[in-house]
Amino acid sequence: MLPEAVVAELRRIVGRESVIDSANDLRIFERDGSIEGAVPDAVVLASTTEQVARVMKVAAKYRIPVVPRGAGTGLSGGAVTIRGGIALQVTRMRRILEIDPVAQTALVEPGVVNQELSLVAAQHGLFYAPDPSSQKACTIGGNAAENSGGPHCLYYGVTTNHVLGMEVVLADGSVHWVGGDVPDRVGLDLCGVLVGSEGTLCAITKIKVRLLSIPPSVATLLAAFPNIETASQAVSAVIGHGIVPAALEMMDSVTVGAVEAHYHAGYPTDAGAVLLVEVDGIAESTRELMAAIGKILAENHGYGLREAQTPAERDLLWQGRKGAIGALGRIKPNYYLHDGVVPRSRLPQVLSAVGEIGEHYKLPVANVFHAGDGNLHPNILFDMRDHEVLHQVESAGEEMLRAVVELGGALSGEHGIGLEKSAFMPWIYSEDDLDAMHRVKDVFDPAGMLNPGKIFPDPSRKAVHLAGRTGLAVEAKWW
Amino acid sequence: MVVNNPHELRGKAVSSRGPLNKAPSIEKPASAEQLAKTLHDAATQKLAVIPVGGGRARGMGDPASRADVELHTTRLDRVIEHSQADMVVSVEAGITLEALQAELAKAGQFLPLDPFNSPGHTIGGLLASGWTGPLRMRFGSPRDFLIGIRVALPDGRLATGGGRVVKNVSGYDMMKLHYGALGALGVIVAASFKVFPRPMHDVTVTSDGGWEDTSRALATPVAPSALELFSDGRVLARYTGSPDAIKRVVGELGWKTADGAVWEEHSRHAHPTWARIGAPREKLRVLLDGLSDWWASPGAGVAHWAAPADASAVRAVRQKAEASGGSLVMLDAPDDFMRDVGAWGTPPETIAIMRNLKRAFDPDAVLNPGRFVV
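Residues numbered from 1 in each chain as written. Chains lettered and ligands numbered in written order. Predicted model: local features only at pLDDT ≥ 70, side-chain atom pairs only at ≥ 80, totals over all residues.

Observations regarding the overall build of chain A
The condition is simple: Under the DSSP-based scheme used, a helix requires at least four consecutive residues in state H or I and a strand at least two consecutive residues in state E, with every element numbered from the N terminus. A radius of gyration in this sense is built from C-alpha atoms; the matching globule rule multiplies 2.2 Å by the number of residues raised to 0.38. Put plainly, a residue is buried at 20 or more neighbouring C-beta atoms within 10 Å of its own, exposed at 12 or fewer, and partly exposed in between, counting only other residues' C-beta atoms, which are placed from the backbone.
Scanning chain A for helices and strands turns up 16 helices and 18 strands. In terms of overall dimensions, chain A is globule-like: its C-alpha atoms have a radius of gyration of 22 Å, near the 23 Å expected for 479 residues. Dimensions of chain A along its principal axes, counting C-alpha atoms only, are 70 × 55 × 45 Å. Every one of the 479 residues in chain A was classed for burial, and the buried ones make up 57%.

Let's talk about the overall build of chain B
Put simply, the rule is: Remark: residues whose backbone-derived C-beta atoms lie within 7 Å of one another are considered to be in contact.
Helices and strands together make up the secondary structure of chain B, namely 14 helices and 18 strands. Taking 374 residues into account, the globule formula puts the C-alpha radius of gyration at 21 Å, and chain B, at 21 Å, falls close to it. Residues classed as buried in chain B amount to 57% of the 374 residues present. Of all intrachain contacts in chain B linking residues separated by at least 6 positions in sequence, the fraction that spans at least 24 positions is 69%.

Some thoughts on the nonpolar core
We apply this condition: To count as a nonpolar core, a set of buried Ala, Val, Leu, Ile, Met, Phe, Trp, Tyr and Cys residues must be joined through C-beta atoms within 7 Å.
Membership of the largest hydrophobic core comes to 267 residues, with the highest contact counts inside it found for Leu88, Val274 and Leu275 of chain A together with Val189 of chain B. For this core, the element with the most residues is helix 14 (residues 387–406) of chain A, which contributes 7 residues. Residue contacts for Leu275 of chain A: discarding those within four places in its chain leaves Ala223, Phe225, Ala231, Ala234, Val235, Leu248, Glu249, Met250, Leu297 and Ala371 of chain A.

Section: the packing of helix 8 (residues 228–240) of chain A against helix 10 (residues 283–299) of chain A
All names here are of chain A. Convention followed: Axis definition: a line fitted to C-alpha atoms, over the contacting stretch in the case of helices. Angles run 0 to 180 degrees between N-to-C directions. Two helices cross in a left-handed way if the nearer one is turned anticlockwise from the farther one by less than a right angle. They cross in a right-handed way if the turn is clockwise. Residues are grouped as follows: nonpolar covers Ala, Val, Leu, Ile, Met, Phe, Trp, Tyr, Cys and Pro; charged covers Asp, Glu, Lys and Arg; every other residue, Gly included, is treated as polar.
Contact pair helix 8 / helix 10: the axes reach a minimum separation of 9 Å and the direction vectors enclose 140°. In this structure, helix 8 meets helix 10 at a crossing whose hand is right-handed. Between helix 8 and helix 10, the contacting residues are Ala234, Ala237 and Val238 on the first element and Ile293, Ile296 and Leu297 on the second. Within the contact of helix 8 with helix 10, the residues separate by chemical class into 6 nonpolar, no polar and no charged.

What about helix 4 (residues 114–121) of chain A?
Residues and elements named next belong to chain A. As a reminder of what qualifies: To be clear, the arc concerns the directions from the helix axis to the C-beta atoms.
Three or more residues of helix 4 are buried, namely Asn114, Leu117 and Ala121. Buried residues of helix 4, viewed axially, fall in a sector of 65°; they line one side. Residues of helix 4 that are buried sit in contact with strand 5 (96–100), strand 6 (105–108), strand 7 (126–127) and helix 5 (140–146).

Description of helix 11 (residues 311–322) of chain A
An α-helical turn contains 3.6 residues, so a residue and the one three or four places further along point in the same direction. Convention followed: What a helix is expected to span follows from its residue count: subtract one and scale by 1.5 Å.
A rise of 1.5 Å per residue sets the reference length of helix 11 of chain A, with its 12 residues, at 16 Å; its end C-alpha atoms lie 16 Å apart and thus fit the reference within 8%. Check the buried side of helix 11 of chain A and you find it contacts strand 12 (217–225), strand 13 (247–252), helix 9 (253–263), strand 14 (273–281) and helix 12 (324–327) of chain A.

Digging into the interface of chain B and chain A
Where interface size is given, it is often the accessible area lost as the parts come together that is meant. The interface of chain B with chain A comprises 73 residues on the first partner and 72 residues on the second. Those elements that place two or more of their residues in the side of chain B that touches chain A are strand 4 (79–83), helix 6 (142–145), strand 8 (158–162), helix 7 (174–178), helix 9 (243–253), strand 15 (274–278), strand 18 (327–332) and helix 14 (351–361) of chain B. Among the elements that take part in the side of chain B that touches chain A, helix 14 of chain B stands out by supplying 7 residues, more than any other. Classifying every residue of the side of chain B that touches chain A gives 36 nonpolar, 21 polar and 16 charged.

A closer look at the domain arrangement of chain B
Residue and element names in this part refer to chain B. Short version of the rule: Throughout, the edges of the domains are those of an automatic or database domain assignment.
For chain B, the domain assignment lists domain 1 (79–197), domain 2 (202–266) and domain 3 (273–333). For domain 2 versus domain 3, the separation of C-alpha centres amounts to 23 Å. On the domain 3 side, the residues contacting the 8 residues of domain 2 number 10 residues. Among the elements of the structure, helix 8 (210–218) and strand 12 (226–230) are those that each provide at least two residues to the side of domain 2 that touches domain 3.

Considering the domain arrangement of chain A
All names here are of chain A. We note that the domain assignment places domain 1 (4–89), domain 2 (96–213), domain 3 (217–327) and domain 4 (332–444) within chain A. The gap between the C-alpha centroids of domain 1 and domain 4 is 28 Å. Counting residues at the interface gives 10 residues for domain 1 and 10 residues for domain 4.

Things to note about the sheet that holds strand 12 of chain A
Residue and element names in this part refer to chain A. To be explicit about the condition: Pairs of strands are assigned from DSSP output, requiring at least two bridges between the strands.
If you walk across this open sheet you meet the 7 strands as 15-12-14-13-17-18-16, and the pairing is antiparallel. The open sheet has two edge strands with one neighbour each: strand 15 (303–307) and strand 16 (334–337). On average, adjacent strands in this sheet sit at an angle of 20° to one another, irrespective of strand direction. Looking at chain direction, strand 13 and strand 17 (residues 365–369) are connected through 2 bridges and run antiparallel. Opposite Met250, over in strand 17, you have Phe369 as the bridge partner.

Notes on the packing of helix 13 (residues 347–360) of chain A against helix 14 of chain A
Residues and elements named next belong to chain A. What counts is decided by this rule: An angle below 35 degrees is treated as roughly parallel, one above 145 as roughly antiparallel, one from 65 to 115 as roughly perpendicular, and anything else as oblique.
Between helix 13 and helix 14, whose axes approach to 9 Å, the crossing angle comes to 160°. On the basis of their axis angle, the class for helix 13 and helix 14 is roughly antiparallel. Where helix 13 crosses over helix 14, the two elements pack in a sense that is right-handed. Contact with helix 13, carried on its side by Val350, Ala353, Val354, Ile357 and Gly358, involves Ala396, Glu399, Met400, Ala403 and Val404 of helix 14 and no other residues of that element.

Overview of the pairing of strand 8 (residues 163–169) of chain A
Residues and elements named next belong to chain A. Counting buried positions along strand 8 yields 6 of 7 residues, so the element is predominantly enclosed. Both strand 8 and strand 10 (residues 203–210) contribute to a ladder of 6 bridges, which runs antiparallel. Bridging from a neighbouring strand, Gly165 pairs with Lys208 of strand 10. As paired strands, strand 8 and strand 9 (residues 175–179) are joined by 5 bridges and run antiparallel to one another. Looking at strand 9, one finds that Met166 is bridged to Val178. Where strand 8 folds back on strand 9, the antiparallel hairpin that results is connected by 5 residues, among which Gly173 adopts a positive phi of roughly 90°.

What about the sheet that holds strand 11 (residues 202–207) of chain B?
All names here are of chain B. Reading across the sheet, the 8 strands line up as 14-11-13-12-16-17-15-18 and stay open at both edges, with antiparallel pairing between neighbours. One side of each edge strand has no neighbouring strand; the edge strands of this open sheet are strand 14 (256–258) and strand 18. Here the average twist between neighbouring strands, direction ignored, is 25°. As judged from the 4 bridges shared by strand 16 (residues 294–297) and strand 17 (residues 302–306), these two strands associate in the antiparallel manner. By the bridge assignment for strand 17, Trp294 is matched with Trp305. Along the sheet, helix 8 contacts strand 11, strand 12 and strand 13 (235–240); its crossing angle with strand 12, the most-contacted strand, is approximately 175°. Packed on one face of the sheet, helix 12 (residues 311–323) meets strand 15 and strand 18 and runs near 140° to strand 18.

Section: unusual backbone geometry
The omega torsion across Ser118 of chain B and Pro119 of chain B is -5°, close enough to zero to call that bond cis. Locating Pro119 of chain B in the fold gives a position in the loop between strand 6 (109–110) and helix 4 (123–129). Its identity as a non-glycine residue notwithstanding, Gln104 of chain A has a phi of 55°, on the positive side. As for its position among the elements, Gln104 of chain A is in the loop between strand 5 and strand 6. Owing to 18 C-beta atoms within 10 Å, Gln104 of chain A belongs among the partly exposed residues under this scheme. The residue His301 of chain A is not glycine, and still its phi comes out positive at about 70°. In this structure, His301 of chain A sits in the loop between helix 10 and strand 15.

Next comes the structure, spelled out in structure tokens:
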């Protein structure tokens, strides 16, 4: 609970109705898309940059933690107020301020929903490339804070490659523009540093993004494989041939079963794994690339190759992929999702480790992920109402991440470190590495009031440091 | 290493810029750890350190206010690991771009980076200076494909950011902090990159049609990977990728085919007094109107200008560039000229934050003092 005087000050800034502090209402803001929750002391619904700045000043004055929050779809606990304080909700800032079809840019407020931006930009023949599976709900502000990815980031790159500039509010309430739409700006790349900083360095109040021309032709192919190993080898073979598709996604048999039961998209339920491959461009190039890809997949044990013949068929295939995690609810009501990344050639090894870990803990695991990037998404399926199982789930998740790191990978490809993985940061970074990151934190937020308890390991939250299953030493000193 | 090169010699002369009592000592450490120790020793004595790679961008920035130690990375020239299947390479900072490309070529891969004033750039120098070339239009700058970095700091620590995977949000993006920072926060000792497959097909066409023809090339259904316009109206367009698609586009343009070797020749471009202009794409033409001796990447919004020895002319162009939201940065010039016009122009609005970052990493301001904006 915040002191009444503070609540009154906040109400003077945003209006009476826009500060939520009743215990019941606050519970709505307890979680994001991850497992662990914590109730904020107050939720402030800001509508303008000026309000965000004034709220930040009040928080600084009373030393109250602030956690900027978009749609709350994040998967790493980034929006969870683990140390209490203010959840600074920006979803009322939802205007698309400008679309410049000549410069191919858009200026948006942080609460604009990812998919909405692409829908509006489509009127100009343009789209916004990063497409997280939660794009129907997640916000551009949240995407920028987390440096989110998505299936099409294989070819197009992740959020940081598409954010040109931002208006940000720092912990002291000062407002700044960082970056811009002109190349080779003078000075340090503050925009690049702030994208992906998970709300620990600033609140984002405007974002200028790059838009791309909608490709005239798109081809989408579904292929079945006997197992995950052969599908992984096929992925490496495609890219090894010098082809970088727009998207290259894999689903295992558990996922395919759930997706097919739910969407009836024509996914082959007898397959050990399926690949969804998409190429775009002009018709000449998509035809040529798809023919080459089809040949490579067939040579690598792919079967039942099926190219979407109509846009509706393509949409249905993607609906299955992007809705896969929801469909897994048919198996168990809850999931715990990690997003470690490994060098692509290590996919078969890491997936077999993931399978073993699931079996060890007797937990069903469904894999649906960005295979082209080596970005795993093992979903550990469970029922939250069973209190005993939660600890097992977390241990299994930790072991999976450990396997990722032992194979030369990273903790997160697109979901962020947040609360969930902060304890594991010393697995991949030395004390000196983390010290350098801390210097950046101290410059932007010297009092440590912005999203405290995230990214950096918190000594009070220890990792179990389980022994790995791959028999390999952690390649921490990889230089 | 190219030694008989006028720019190289000039580069050596640059190190004696500023009010020096004696020539700086030259250190060439053989490992990252040694480099970090040398840097730390110098910092402890508050000696000014000028990091040097291939020396190709030595002229960039304001004349250093002090230069006691030249810290060369040239002995750190190993490929640490090239994982062909993962299309990822890790190298030490002192390797030249050419040596790295030769290694990648063995696997049919490449780094899409073709900076001017080539050959001889080191990877560390390219990352610190932020220099790019025509391929930026399609592939972006190293900002977009640098996936890991290791930096020696003045306190002797070696700090790593990122990793060896192509997609990574584990911790802050330390690559962005050091890219283009001209060594002001630390000395880059190693880097990892996402690399690219050699295109299936690579065709260059040329015309003399000036701005109108660049607009035509930019409007083709497949964008060129590189598009360069010269002040004499010559246009070079490079199309890479699917043979069928390129055939169609090149057919529609109807320009003459040029030898691909023209790009290597183009990358040698440099000038004793030259500037880089960055501007919104649609404003580049107006900015360059009336100037001579320039070449531009209209698709990226970047131009390079062999500027006349006339400070007021440079200032006038800079003023126009800044008014359009862009910048004019001097890449090299005689010291007096550089002091007169200034290397960087108007400091950014966020300069105070940048200074705080500088202090956090280099509290005694020993790295390239006076040369960068912080």
